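# Architecture at a glance
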Amino acid sequence: MTGFAKDFPILAQKVYGKRLVYLDNAATTQKPNSVIDTISDFYKTDYSNIHRGVHYLSERSSERYEKTREKVSDFIGARNSSEVTFTAGTTDAINQVARSLEPSLRGNEVLVTGVEHHSNIVPWQMAEAKLKAIPMDEDCNLLLDSVDITDKTKLVAISHVSNVLGSVNDIKEITEIAKDHDVPVLVDAAQSIQHLPLDVKDIDCDFLVASGHKMYASTGAGVLYTNDRFSDLMPAKGGGGMVDKVSLEKTTYQEPPLRYEAGTPHIAGIISMGASIDYMQKIGLEKIEKHENDVYSYARDRLLEMDNVTVYGNTTRMCGSISFNLDQVHHYDVGLMMDKMGVAVRTGHHCAQPLMESLTIEGTVRASFALYNTKEDVDRLIEGIEKVEMMYT
Amino acid sequence: MTDAIQDEIIGEFDGLEWLEKYDLLIRSARELEPMDEEFRTDDNSISGCQSRVWIRSYKKDGKLIFDLDSDAMITKGIMALLLRVVNNRHPQEIANIDLYFLEKTGLKSNLSPARSDGLRAIIKRIKEIAQNEVGQSNFQ
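As the structure is a prediction and not an experimental result, all values here were calculated from the model. (Residues numbered from 1 in each chain as written. Chains lettered and ligands numbered in written order. Predicted model: local features only at pLDDT ≥ 70, side-chain atom pairs only at ≥ 80, totals over all residues. Heavy atoms only, no water.)

Residue and element names in this part refer to chain A. Among the 5 residues in strand β10 (residues 222-226), 5 count as buried, and that is most of the element. Here β10 shows a buried face lined by Gly222, Leu224 and Thr226 and a second buried face lined by Val223 and Tyr225. For strand β9 (residues 207-211) and β10, the ladder comprises 5 bridges, and the chain directions are antiparallel. Within the sheet, the bridge partner assigned to leucine 208 lies in β10 and is tyrosine 225. (Buried < 20%, exposed > 50% of the residue type's maximum accessible area, 1.4 Å probe, protein only. Helix = DSSP H or I, 4+ residues; strand = E, 2+ residues; numbered from the N terminus. Pairing = 2+ DSSP bridges.)

All names here are of chain A. A sheet is described by the order of its strands in space; here 7 strands give the open sequence β4-β10-β9-β8-β7-β5-β6, paired in mixed fashion. Two strands in the sheet have a free side with no partner beyond their single neighbour: β4 (84-87) and β6 (130-134). Strand after strand, the sheet turns through a mean of 20° between neighbouring axes, direction not considered. Running at roughly 115° to β4, helix α2 (residues 56-76) makes contact with β4, β9 and β10 of the sheet. On the sheet, helix α5 (residues 171-180) packs against β6, β7 (153-159) and β8 (185-188) and is oriented at approximately 180° with respect to β7. (Axes fitted to C-alpha atoms, helices over the stretch in contact; angles between N-to-C directions. Contact = heavy atoms within 4.5 Å.)

All names here are of chain B. In space, the 3 strands of this open sheet follow the order β1-β2-β3, with antiparallel pairing throughout. Whereas interior strands pair on both sides, the edge strands pair on one side only; in this sheet they are β1 (45-46) and β3 (63-70). With 8 bridges joining them, strand β2 (residues 53-60) and β3 adopt antiparallel strand pairing. Bridging across to β3, lysine 59 finds its partner in leucine 64. Sheet strands in contact with helix α3 (residues 73-86) are β2 and β3, and its direction is about 175° off that of β3.

Here we take up the environment of Asp180(A). Following the sequence through the fold, Asp180(A) ends up in helix α5. Considering only alpha carbons, one finds Asp180(A) and Ile149(A), 31 residues apart in sequence, at a separation of 9.8 Å.

So, on to the UniProt feature "domain: Aminotransferase class V" (unreviewed entry) in chain A. Look at the UniProt record and you will see "domain: Aminotransferase class V" (unreviewed entry) annotated at residues 21-381 of chain A. In the segment residues 21-381 of chain A, helix accounts for 36% and strand for 17%; the C-alpha atoms at its two ends are 8 Å apart. (UniProt positions renumbered as here; feature names shortened; annotations may be inferred.)

Turning next to the interface of chain A and chain B. Each side of the interface is counted separately: chain A has 16 residues, and chain B has 17 residues. Taken together, the two surfaces of chain A and chain B that pack against each other cover about 1,600 Å², and 61% of this comes from carbon and sulfur. The largest share of the area that chain A buries against chain B comes from Tyr332(A), Lys340(A) and Met391(A), three residues that together contribute 39% of it. Taken together, chain A and chain B are joined by 1 salt bridge. Mapped onto the side of chain A that touches chain B, the elements with two or more residues apiece are α9 (331-340), β16 (346-348) and α11 (375-392) of chain A. Examining the composition of the side of chain A that touches chain B, we find that 7 residues originate from one element, α9(A), more than from any other. Looking at the side of chain A that touches chain B, its residues break down into 7 nonpolar, 4 polar and 5 charged. (Buried area = accessible area lost by both parts, 1.4 Å probe. Salt bridge = Lys/Arg side-chain N within 4 Å of Asp/Glu carboxyl O. Nonpolar A, V, L, I, M, F, W, Y, C, P; charged D, E, K, R; others polar.)

Pasting the structure below:
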């Protein structure tokens with residue numbers, strides 16, 4: 001194993017007798033030893049419920065939990081850790097915002113892009129908002145001159161990076177446009193937090209959501225950044241831990257962020273986000289970005305030079321995912337055969353059916369990268385594709 | 001219960017590496033006549049698959065004939081094997097059939113739960129069609 005892969009025990013295994021090449025990182029990333037150890041050690045030494053007990057373990061748990069909040073807060077450039085709420089993940093975070101904003105969204109519009117995954121579509125529709133997409137050209141570049149914000153637009157909710165194409169949206173410019181119209185902005189950073197440095201102050205968004213499991217931490221843990229301009233939002237969930245005083249007549253809530261964290265959270269999972277941030281920072285975010293960029297560009301170039309392969313999307317900045325199809329082979333067949341060659345890719349519509357519709361395809365093969373992937377992994381991908389093509393001719 | 005056609009298929013797959021199995025499936029798929037466009041309707045399609053599958057059936061001399069198609073060749077190849085087993089049998093026989101060749105060829109274990117939902121849905125549909133026929137003939 002080369003590079004960072006040595007930190008990830010799962011990558012040492014063979015599947016079907018071949019070294020595993022894991023290229024399904026947009027779905028979820030593998031975990032480094034330091035994250036696995038953190039979860040295990042936490043259960044062995046500190047585990048207890050948080051913010052409730054006066055006893056030793058509860059103090060330690062609470063302390064580690066809040067320490068993680070500070071780490072996440074620093075990592076995304078929040079002004080204050082009270083702007084960071086822990087959620088179960090990106091989908092949960094978006095649903096909470098949708099629920100909290102529902103009275104203003106109902107019957108009005110949410111502006112999205114045409115590359116959104118279902119998690120940034122369905123919750124808004126459930127809040128009875130109508131979705132409008134920023135138009136894009138055939139390479140999937142957003143046409144920001146055509147952004148149409150009206151009196152009915154109550155929120156702009158956009159992905160930073162497409163989970164299908166890997167295209168990076170200019171969230172800063174979109175936020176500027178939205179601010180000119182006094183419309184709040186939610187940035188879905190599910191596919192960017194693990195690849196690109198984020199600074200919510202610089203982006204100037206109102207909400208930012210992300211998942212721990214896509215950034216080398218546990219599943220069931222996510223982040224909802226809420227700008228303190230929105231500190232008095234109605235909590236989406238009620239219950240224990242988020243209240244100040246409760247009587248049968250009336251309940252008052254805690255200050256943020258605790259008011260948004262009803263019930264017992266996935267404490268170990270959330271703490272593991274702190275460990276994954278430590279891991280990434282120890283390597284250095286610039287180094288990660290450079291390495292990933294090298295591997296990504298190499299993969300893209302190699303795929304583009306293949307005669308019978310169509311690569312989707314082509315924007316000025318791209319990272320994470322590449323979607324493609326072989327001209328004569330169904331994506332599902334490609335996925336099955338690649339699997340048997342030890343290469344894990346994703347196939348299908350990737351929970352982005354509107355995008356598939358605009359590309360007029362049923363699905364794609366998606367290779368998505370993480371910091372442990374290498375050019376050698378890309379070579380295995382290309383070899384696999386060549387073998388699949390051979391089987392079909 | 002053993003079945004000559006299923007045993008024959010198991011023999012064909014015996015000792016093959018995975019890519020050789022897929023190669024065989026692709027070849028089987030190519031032998032299957034494509035379904036006429038007019039029958040590739042939503043009513044005839046089965047969901048639960050990453051690939052699309054269409055199925056129709058008719059009766060000939062008291063026996064059931066199935067016609068299947070898929071946009072993915074590996075799925076279509078498995079369908080082709082399935083048709084070899086179930087076609088031209090009496091509905092009662094199809095309703096009761098144990099499709100053990102899927103397990104024995106490794107094709108079933110290859111299809112993980114999410115993927116095999118499609119396969120399971122197709123088998124379910126075939127059995128339902130057969131069961132319906134049995135019900136109708138009892139009624140007559």
